[in-house]
Each structure stands twice: as C-alpha cells, then as structure tokens.
Amino acid sequence: MDLRKVMAAAALVLAVGCQELPNYFVGDETLARVGRTELTVRDVLSAVPAGMNEADSTAFVDLYVDRWVRKQLKLGEAERLFTASAEDIDRMVEEYRQGLLIRKLDRFWVDRSIDTTFTDDEIAAYYREHLDDFRLDRTLVKGRVLRFDEGFRQAKRLFEWMGSPSAERQKDFADLCAKHNFLLTDFGGAWVDFQEFLSYLPALRSQNYDSVLSSNAVQAMRDSHSYYYFQIDAVRREGEPIPLERLRSTIRRILFNQRQGEIIRSHEEELYNRAVENGEAKIFENTNDKV
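Let me sum up the structure you'll find in this document. (Residues numbered from 1 in each chain as written. Predicted model: local features only at pLDDT ≥ 70, side-chain atom pairs only at ≥ 80, totals over all residues. Heavy atoms only, no water.)

### Regarding the pairing of strand β6 (residues 219-222)
Here β6 shows a buried face lined by Gln 219 and Met 221 and an unburied face lined by Ala 220 and Arg 222. As paired strands, β6 and strand β7 (residues 226-236) are joined by four bridges and run antiparallel to one another. Counted as the bridge partner of Arg 222 is Tyr 227 from β7. Hairpin remark: β6 followed by β7, antiparallel, with three residues in the connecting loop. (Buried < 20%, exposed > 50% of the residue type's maximum accessible area, 1.4 Å probe, protein only. Helix = DSSP H or I, 4+ residues; strand = E, 2+ residues; numbered from the N terminus. Pairing = 2+ DSSP bridges.)

Here it is, written out as structure tokens:
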C-alpha cells in the first residue's frame with residue numbers, strides 16, 4: 001500500500017469523524033518498520049487529534065511517522081551501546097516508579113487530611129519563634145510622596161497640613177491635593193524598598209539619602225519643574241527583622257509544609273505499626289533469624 005495514500009486516508013477518517021474504517025483499514029496495515037518494531041495504521045489513528053481538517057491531519061501523520069522512525073533508531077542505538085548498563089537503567093526506572101507511587105500515596109493522605117486554615121495567632125507565633133531567621137537585606141519604609149507644580153500659592157499650607165496629626169487636617173490635605181490634581185503616592189499602608197520610595201523623588205543615584213530616614217517630619221525636595229513633599233512614617237533598616245506583613249504568605253507556606261510533613265509521618269507510623277502487629281512486616285535482628 002502507498003504510504004501517502006494510507007496517511008491521507010487515515011487523516012481523512014479522523015477529520016470527518018467516521019465511525020467505520022474503509023476496507024483497506026481493516027487489520028493493522030504497517031506504515032513503518034525499524035528492525036522488528038512496526039508502526040501500524042491503528043497506532044497512528046489513536047494519536048491524531050480529533051477535529052483536524054484533512055490537510056492538517058495528513059501533515060500530522062507524516063510528522064508522526066517520521067518522529068517514530070527517528071525515535072526507534074535512537075532507542076536501538078542506545079540499547080546496543082548501553083547493554084552493559086541495562087540493569088542500572090532498569091533499577092533507576094523501578095526506583096522512579098516506586099517514587100511516583102509513594103508521592104501519589106502521600107498526596108492522597110495529605111489532600112484527605114490537611115487543614116489549610118492558619119490563624120493570625122499561629123502565624124504571629126511562628127514569626128516570634130523564628131525572628132532571627134527573618135532579617136532584612138535592605139531598608140524598608142512607609143510614607144508618602146507629594147508632587148506639585150512650582151509656584152503653587154498654597155504650598156506652605158500643603159506642607160503644614162501634610163504633617164498635621166489632626167484627622168481633619170489630613171482630610172483637608174487630601175481634598176486640596178485632589179482639587180488640584182496633584183500626584184500623591186501613598187506607601188503608608190505597606191512597606192516598600194527605600195530605593196523604590198526614592199524613585200518618586202528627584203534623588204540622584206550617586207548620592208546617599210540615609211539622613212532623611214532619621215525624621216518622620218515632612219521634608220522637601222525640588223527639581224527644575226516641581227516641588228516634592230515627602231514624609232517617612234516608619235523605617236526598618238537592613239539587618240532588622242522583616243515586618244510580619246511581608247511574611248504572612250511565606251509563613252503560611254512553611255506552616256503548610258510542616259502540617260503536610262506531620263500527616264505523612266503519622267501515616268507512615270500507623271502503617272508501620274499495623275504491619276508489624278499483623279505480622280505483615282518483620283525486622284530481623286541478625287541474618288540468622290528465620291521467619
């Protein structure tokens with residue numbers, strides 16, 4: 001049978017979704033052979049994705065056969081070259097198979113038993129107990145940056161209101177910024193890298209700005225077009241503990257892994273004790289012991 005004809009017909013069968021094969025598909029027609037291994041029409045039919053048109057199906061079959069031949073040739077060469085290490089390969093395959101089965105079993109018991117809810121108290125307790133494990137490698141800050149155009153007549157009022165402890169004045173400050181469409185970047189609710197905070201200011205990369213960290217009062221900078229008021233409310237320096245807010249998801253993962261390990265160990269212990277008790281498993285004290 002002509003290979004092209006077989007492949008085209010096979011592709012057409014799948015493309016139109018026929019339930020019955022043409023007469024020349026009855027039986028396993030051979031499409032390719034490498035050594036004693038054969039690729040049949042039925043092998044290819046089972047691999048072609050459903051719903052492909054005739055042209056795409058024909059191209060798929062053509063490529064499939066070509067790749068099959070190349071794969072068989074490489075397998076044959078590998079078997080000839082590595083016959084001496086066949087036992088090692090079989091051992092590795094068996095170890096891999098066993099590992100997959102054990103991981104599947106562990107996953108079964110974990111999914112069946114684990115509680116994925118972690119309270120704030122549990123997270124905080126872990127944080128306190130492992131504080132030395134969570135140290136900053138850079139400075140973090142909380143604060144705000146306001147940018148407005150040079151020449152704004154109420155700049156002094158903005159400065160005063162921004163630094164006021166009064167809730168009423170803070171509302172006035174926010175309203176004034178909104179009224180004039182000033183750019184107010186607020187990092188008061190989340191810790192941010194100090195370098196990122198500085199990126200909102202006309203700061204020079206070559207200059208050290210650690211001095212601004214010593215005050216929580218409103219400070220000012222300017223460039224050729226704008227004024228900048230900024231206020232740093234809180235600072236965590238390099239080497240200090242990482243804020244808990246930035247670690248909640250990390251600690252949840254740690255606690256989850258701990259619970260997962262506890263479930264696996266508990267199941268192993270239960271399985272072991274039951275097998276020993278029932279006589280299904282026995283550990284001999286020396287090689288002369290008999291069952």
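### Thoughts on the side chain of Gln 72
Position of Gln 72 among the secondary structure elements: in helix α3 (residues 54-81). Of the residues examined, Gln 72 reaches a relative accessible area of 16% and is grouped as buried. Residues contacting Gln 72, with those up to four places away along its chain left out, are Val 34 and Thr 37. (Contact = heavy atoms within 4.5 Å.)

### Structural notes on unusual backbone geometry
One non-glycine residue with positive phi stands out, namely Asn 181, at about 60°. You can see Asn 181 is positioned in the loop between α7 (167-179) and β4 (183-186).

### Brief notes about the pattern of salt bridges
For the structure on display, the rule yields 17 salt bridges. Note that Lys 142 is salt-bridged to Glu 245, the shortest N-O span being 3.4 Å. Note that Lys 142 is positioned in strand β3 (residues 140-149) and Glu 245 in the loop between β7 and α9 (248-277), a separation of 103 residues in sequence. We note a salt bridge from Arg 246 to Asp 193, for which the minimum N-O separation is 3.9 Å. Highlighted residues: Arg 246 in the loop between β7 and α9 and Asp 193 in strand β5 (residues 192-193), separated in sequence by 53 residues. (Salt bridge = Lys/Arg side-chain N within 4 Å of Asp/Glu carboxyl O.)

### Here's the deal with a nonpolar patch on the surface
Together, Leu 81, Phe 82, Ile 89, Met 92 and Val 93 give the surface a local cluster of nonpolar side chains, amounting to about 490 Å² of exposed area. Broken down by element, the nonpolar patch gets its largest block of residues, three residues, from helix α4 (residues 86-113). Structurally, Ile 89 is set in helix α4. Here Ile 89 falls in the partly exposed class, since its relative accessible area comes to 38%. (Patch = residues over 30% accessible without salt bridge, like charges linked within 9 Å, V, L, I, M, F, W, Y side chains within 5 Å. Areas by Shrake-Rupley, 256 points an atom, 1.4 Å probe, with all protein chains shown as cover.)

### Focus on the nonpolar core
Counting 15 residues, the largest nonpolar core has Val 141, Phe 194, Phe 197, Leu 201, Phe 230 and Ile 232 as the members making the most contacts within it. Listing elements by their share of this core, those giving two or more residues are β3, α8 (194-198) and β7. If sequence neighbours within four positions are ignored, Phe 230 has contacts with Arg 144, Val 145, Met 162, Phe 197, Leu 201, Val 212, Ala 217, Val 218, Gln 219, Ala 220 and Met 221. Residues Phe 118, Tyr 127, Ile 242 and Leu 244 belong to the second largest nonpolar core, which totals 14 residues. (Core = buried A, V, L, I, M, F, W, Y, C linked by side-chain atoms within 4.5 Å.)

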